Amino acid sequence: MASPFSGALQLTDLDDFIGPSQDCIKPVKVDKRLGSGVAKIHIEDDGSYFQVGHDGGTRKLEKAKISLDDCLACSGCVTSAETVLITQQSHEELRKVLDANKTVAPGQQRLVVISVSPQSRASLAARFQLNPTDTARKLTTFFKKLGAHYVFDTAFSRNFSLLESQREFVRRFRGQADSKQALPVLTSACPGWICYAEKTHGTLLIPHLSTARSPQQVMGSLVKDFFAQQQRLTPDKIYHVTVMPCYDKKLEASRPDFFSQEHQTRDVDCVVTTGEVFKLLQEEGVLLSELEPTPLDSLCSSGSAQEPTSHQGGGSGGYLEHVFRHAAQELFGVHVTEVTYRPLRNKDFQEVTLEREGQVLLHFAMAYGFRNIQNLVQKLKRGRCPYHYVEVMACPAGCLNGGGQLKAPDTADKELLQHVERLYSMVRTEVPEDVPGVQELYKCWLQGEGSEQAGRLLHTSYHAVEKATSGLSIRW
Ligand code: SF4
């Protein structure tokens, strides 16, 4: 199949190397002798890479060997070390825990909690020709029949992630005179992008990353801290599983930042992809459409749950839109009724502005896929990034197109994605500030907005990975 990226790619930093294809990014070693400043790489239809010199001569590029340290977690390729990690976090592991629970007395069982992402729900809805609400309810039935005790919707934890992102942006915007690195703020909910940022340009990018935890990891805090207290259990007595649209979320859950030394447990014990849930259904011989619906569980007494919810602003969480609306109101007293996107190089790189009397007050962008991420990074490197905030996602078209989502053999990828997008947007959206239970949890669990507790449980930090000094010296 011809690569959609056939043609010349321009690299402006020869310490870097890329070679994106539709499915994955292949590391190749760029020959610095063939030119300086800019390297052009030509990708042949058979997937081989050629570097084009200034004189037009070409040289076939060697593939570089990569280990987990080099892995960008783009979901496209899986290294052997990553395979080990993925095996530790798979539907087989979930099954082992559920089976083990069946062999012990109820008091000795681990409480199994499953948190399902809205993106996975939409993908399964498309496959089973259901609406997303029925899908969520039938999935709840399925997981409970398997032995899960509670099934939650990660749209609930996303409320906290969005609210913390909004407040963080306003604080950093107001503090921009004191710190050159306050802006732009770059979103951090995508672990594929975070992995790339830490491994390629840690010193440059990390100060710009939003510290707000992703919905998956906020759910980790909610389940292993708040919910554990409610259930009068220590966090290690809960086995928390999330259902996510990509493999990268397994890497995110495995970060040491989300591991409790005290209780020797992770906030999220196991991440299964949408595809793995489908496999589980097949292994059990269950047709989701034929199951009776069961309401979703709610994390707190005043929470609505019962039916799934979502947020405005697209299939990757709506960070840009929520932060934009909030910032327009808080910083400039402007109520934004509609957010208008302006496409730039392609539909995965768009911008949004707030203007008054010809002056740009807010300049936001979304950059999806590594082609656009690379462009964004180059702008930052040159000190020519005009944005205040960028929603960055590693997958082209965002999370609904994640590497763990279901493919349909008889439907074109684009058609399927559009269908999944339609289903995703059918769910009732909520404004995080108004969601029942959210303010109550800020008060009773987090001891108020901006508290030490909120900082510890809703935020995280990032770590630059040193470049190798020996060997091939090839790093993302
Ligand atoms: Fe996962 Fe979404 Fe990032 Fe893709 S864009 S790697 S689905 S978090």
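Conventions we followed
- Residues numbered from 1 in each chain as written.
- Predicted model: local features only at pLDDT ≥ 70, side-chain atom pairs only at ≥ 80, totals over all residues.
- Heavy atoms only, no water.
- Helix = DSSP H or I, 4+ residues; strand = E, 2+ residues; numbered from the N terminus.
- Buried < 20%, exposed > 50% of the residue type's maximum accessible area, 1.4 Å probe, protein only.
- Contact = heavy atoms within 4.5 Å.
- Areas by Shrake-Rupley, 256 points an atom, 1.4 Å probe, with all protein chains shown as cover.
- Phe/Tyr/Trp six-rings, centres within 6.5 Å; stacked < 30°, edge-to-face > 60°.
- Core = buried A, V, L, I, M, F, W, Y, C linked by side-chain atoms within 4.5 Å.
- Near = heavy atom within 4 Å.
- Nonpolar A, V, L, I, M, F, W, Y, C, P; charged D, E, K, R; others polar.
- Expected span 1.5 Å × (residues − 1).
- Polar contact = N/O pair within 3.5 Å; in protein donor to acceptor, adjacent residues only side chain to side chain.
- Pairing = 2+ DSSP bridges.
- Axes fitted to C-alpha atoms, helices over the stretch in contact; angles between N-to-C directions.

With that settled, consider the overall build of the protein chain. Helix and strand counts for the protein chain come out as 15 helices and 15 strands. Residues counted as buried form 56% of the 476 residues belonging to the protein chain. A fraction of 71% describes how many contacts in the protein chain between residues 6 or more apart in sequence connect residues 24 or more apart. For the protein chain, the accessible surface area stands at approximately 20,900 Å², while carbon and sulfur atoms represent 49% of it.

Tallied over the entire structure, the rule returns 18 aromatic pairs. Note on Phe156 and Phe160: the rings are 5.8 Å apart at their centroids and 75° apart in plane angle, and the pair reads as edge-to-face. Here Phe156 pairs with Phe160, and both are found in helix α5 (residues 154-174), just four residues apart, close to one helical turn. Assessed through its relative accessible area of 0%, Phe160 is described here as buried.

Attention shifts here to the nonpolar core. Among the nonpolar cores identified, the biggest contains 50 residues, and Phe169, Leu186, Trp193, Leu362 and Phe364 are the most heavily contacted of them. Only α5, β7 (185-186), α6 (191-200), α11 (319-332), β13 (349-356), β14 (359-368), α12 (369-381) and β15 (389-393) provide two or more residues apiece to this core. Of all the elements, α11 adds the most residues to this core, at eight residues. Leaving out residues up to four positions away in the same chain, Phe169 has contacts with Leu183, Val185, Val323, Ala327, Leu331, Leu362, Phe364, His388 and Tyr389. Grouped together as the second largest cluster of nonpolar side chains are 29 residues, Leu94, Val116, Val241 and Leu406 included.

Glancing now at the site of the ligand. Taken together, Cys190, Pro191, Cys246, Asp248, Lys249, Met393, Ala394, Cys395, Cys399 and Gly402 are the residues near the ligand. Taken together, the residues that form the shell around the ligand break down as seven nonpolar, one polar and two charged.

All right, on to α5 then. Between its first and last C-alpha atoms α5 spans 30 Å; for 21 residues at 1.5 Å apiece the expected length is 30 Å, and the two agree. Of all 21 residues in α5, 18 are buried, a share of seventy percent or more. Of the residues that open α5, the one with a side-chain oxygen 3.0 Å from the backbone nitrogen of Ala155 is Asp153.

Turning next to the side chain of Ser214. Secondary-structure assignment places Ser214 in the loop between α7 (202-205) and α8 (215-230). Ser214 gets classed as buried once you look at its relative accessible area, which sits at 3%. Aside from chain neighbours lying at most four places away, what touches Ser214 is Ser161, Ala189, Lys249, Glu252 and Tyr319.

On the basis of which strands lie adjacent, the open sheet formed by five strands has the order β7-β15-β14-β13-β12 and mixed pairing. Of all the strands in the sheet, just β7 and β12 (342-346) have a single pairing partner and so form its edges. One ladder, built from two bridges, connects β7 with β15; its direction is parallel. Across the sheet, Val185 pairs through a bridge with Tyr389, a residue of β15. Strand contacts of α11: β13, β14 and β15, with the helix running at about 165° to β14, the strand carrying the most contacts.

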